[in-house]
Amino acid sequence: MHVFVTGATGWIGSAVVDELLDAGHEVTGLARSDDSAAALEKKGVRVHRGDLDDPESIRAGAAGADGVVHLANKHDWAEPATSDRAERNAVEAMLDVLAGTDRPIIVANGLSGLVEGRPATEADPSPALGPGSDRGGSETLTLDHAERGVRSMVVRFAPSVHGAGDWGFVAFLTAAAKERGVSGFIGDGTTTWSAVHRADAARLVRLGLEEAPAGSRLHAVAEEAVSTREIAEAIGHALGLPVASIAPEDAAEHFGFVGAFFGMDMSASSARTRELLGWTPSGPALVEDIRAGAYA
Ligand SMILES: NC(=O)c1ccc[n+]([C@@H]2O[C@H](COP(=O)([O-])OP(=O)(O)OC[C@H]3O[C@@H](n4cnc5c(N)ncnc54)[C@H](OP(=O)(O)O)[C@@H]3O)[C@@H](O)[C@H]2O)c1
């Protein structure tokens, strides 16, 4: 399959590109800069120049491929509405050009805000509806296109897609610990996050692209619930720093933007995903990775 990958230079996207190439697929990657284009060319990936802020460029990339994996995101943590707007416009443009073709598209999402008091499952719909909602309501928009001749799917990634070199949430927690001289958890630290190793997440994206039916919600989740206290303890161990509780009202100052996510329960099951695709994660656990120095 000739696959158009947005976010092909990102943390997850670069592993997805390798996974697709290893499986014999042809890849065209979106690049918004010369550096990103050079990184892709070095891997033998065709380059499509464009930007999330230019939906026409994204549409053209999708039009020329047999399938799409959408992993680009502006991640403007200071102004999430900016990222959400660009996400909505880009996803809409790609779905539009794929309508009636039965071609596959995978759109990335996270696991925040789905349910309260229990792990989220693949059966839980996203409450984000419409352009003004979280991630521009792209999950619902994507899945609705299963009725419009698109093999559209969503992969919800655990809040930590971990591994050496990760620059995601755990890297921000580690940076906060270094800066403050203490590795913090919020309150009693019983809030939990799900987690997945990057290589397992990349394999799931490939399997979904190849095999999952239209309208699938797939959970890239290897560990259902890791307590935020355990995460803080592992970071403290790796950095040789003390571990302490941070009062919820001090979390924003202590952690920065990632404090809001660290205080959120983002546990999730992947039972249906595993059954549907025969996906068995095999990478190291999050705490193992942190303790082994992946973030130090
Ligand atoms: N990593 C996680 O733990 C995690 C957890 C839950 C959900 N997710 C979601 O999974 C997806 C992939 O995440 P990631 O961690 O791989 O992200 P990442 O490492 O931050 O990579 C973002 C990618 O988007 C590209 N990009 C940023 N702004 C762009 C723009 N204006 N136009 C075109 N491309 C642009 C970047 O290209 P450049 O190389 O040019 O910067 C990069 O390839 C995202 O939707 C993310 O929200 C990730």
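Preceding this section is the structure that the text describes.
The structure contained in this document is the topic of the report that follows.

Rules used throughout
- Residues numbered from 1 in each chain as written.
- Predicted model: local features only at pLDDT ≥ 70, side-chain atom pairs only at ≥ 80, totals over all residues.
- Heavy atoms only, no water.
- Helix = DSSP H or I, 4+ residues; strand = E, 2+ residues; numbered from the N terminus.
- Rg over C-alpha atoms; globule rule 2.2 N^0.38 Å.
- Buried < 20%, exposed > 50% of the residue type's maximum accessible area, 1.4 Å probe, protein only.
- Contact = heavy atoms within 4.5 Å.
- Lys, Arg positive; Asp, Glu negative; His and termini not counted.
- Charge placed at Lys NZ, Arg CZ, Asp CG, Glu CD.
- Pairing = 2+ DSSP bridges.
- Axes fitted to C-alpha atoms, helices over the stretch in contact; angles between N-to-C directions.
- Expected span 1.5 Å × (residues − 1).
- Left-handed = near helix turned anticlockwise from the far one by under 90°.
- Nonpolar A, V, L, I, M, F, W, Y, C, P; charged D, E, K, R; others polar.

What about the overall build of the protein chain?
Move 1: When helices and strands are counted, the protein chain shows 12 helices and 12 strands.
Move 2: Expected size for 296 residues packed as a compact globule is a radius of gyration near 19 Å; at 19 Å, the protein chain falls within 12% of this value.
Move 3: Along the longest, intermediate and shortest principal axes, the C-alpha atoms of the protein chain span 55 × 40 × 35 Å.
Move 4: With 296 residues in all, the protein chain has 52% of them scored as buried.
Move 5: Pairs at least 24 apart in sequence give 78% of the contacts found in the protein chain among residues at least 6 apart.
Move 6: Charged side chains of the protein chain number 25 positive and 43 negative; the gap between the two group centres comes to 3 Å.

Here we look at the sheet that holds strand 1 (residues 2–6)
Move 1: One open sheet accounts for 7 strands, arranged 3-2-1-4-5-6-10; its pairing is parallel. The outermost strands of the open sheet, each flanked by one partner alone, are strand 3 (46–49) and strand 10 (217–220). With strand direction ignored, the average angle separating the axes of adjacent strands in the sheet is 20 degrees.
Move 2: Lying over the sheet, helix 3 (residues 55–63) contacts strand 1, strand 2 (26–31), strand 3 and strand 4 (67–70), oriented at roughly 150 degrees with respect to strand 3.

Focus on the side chain of Thr28
Move 1: Looking at the secondary structure, you find Thr28 in strand 2.
Move 2: If sequence neighbours within four positions are ignored, Thr28 has contacts with His2, Val3, Phe4, Val5, Val45, Arg46, Val47 and His48.

What about helix 7 (residues 198–211)?
Move 1: The end-to-end C-alpha distance of helix 7 is 20 Å, a good match for the 20 Å that 14 residues give at a rise of 1.5 Å each.
Move 2: Taken together, the buried positions of helix 7 are occupied by Asp200, Ala201, Ala202, Leu204, Val205, Arg206, Leu207, Gly208 and Leu209.

Some points on the packing of helix 3 against helix 4 (residues 80–98)
Move 1: Packing of helix 3 against helix 4 leaves a shortest axis separation of 8 Å and a crossing angle of 35 degrees. The crossing of helix 3 and helix 4 is right-handed. Judged by residue contacts, Pro55, Ile58, Arg59, Ala62 and Ala63 of helix 3 engage Asn89, Ala90, Ala93, Met94, Asp96, Val97 and Leu98 from helix 4.
Move 2: Split by residue class, the contact of helix 3 with helix 4 holds 9 nonpolar, 1 polar and 2 charged.

On their own, these measurements won't tell you what the molecule is for.
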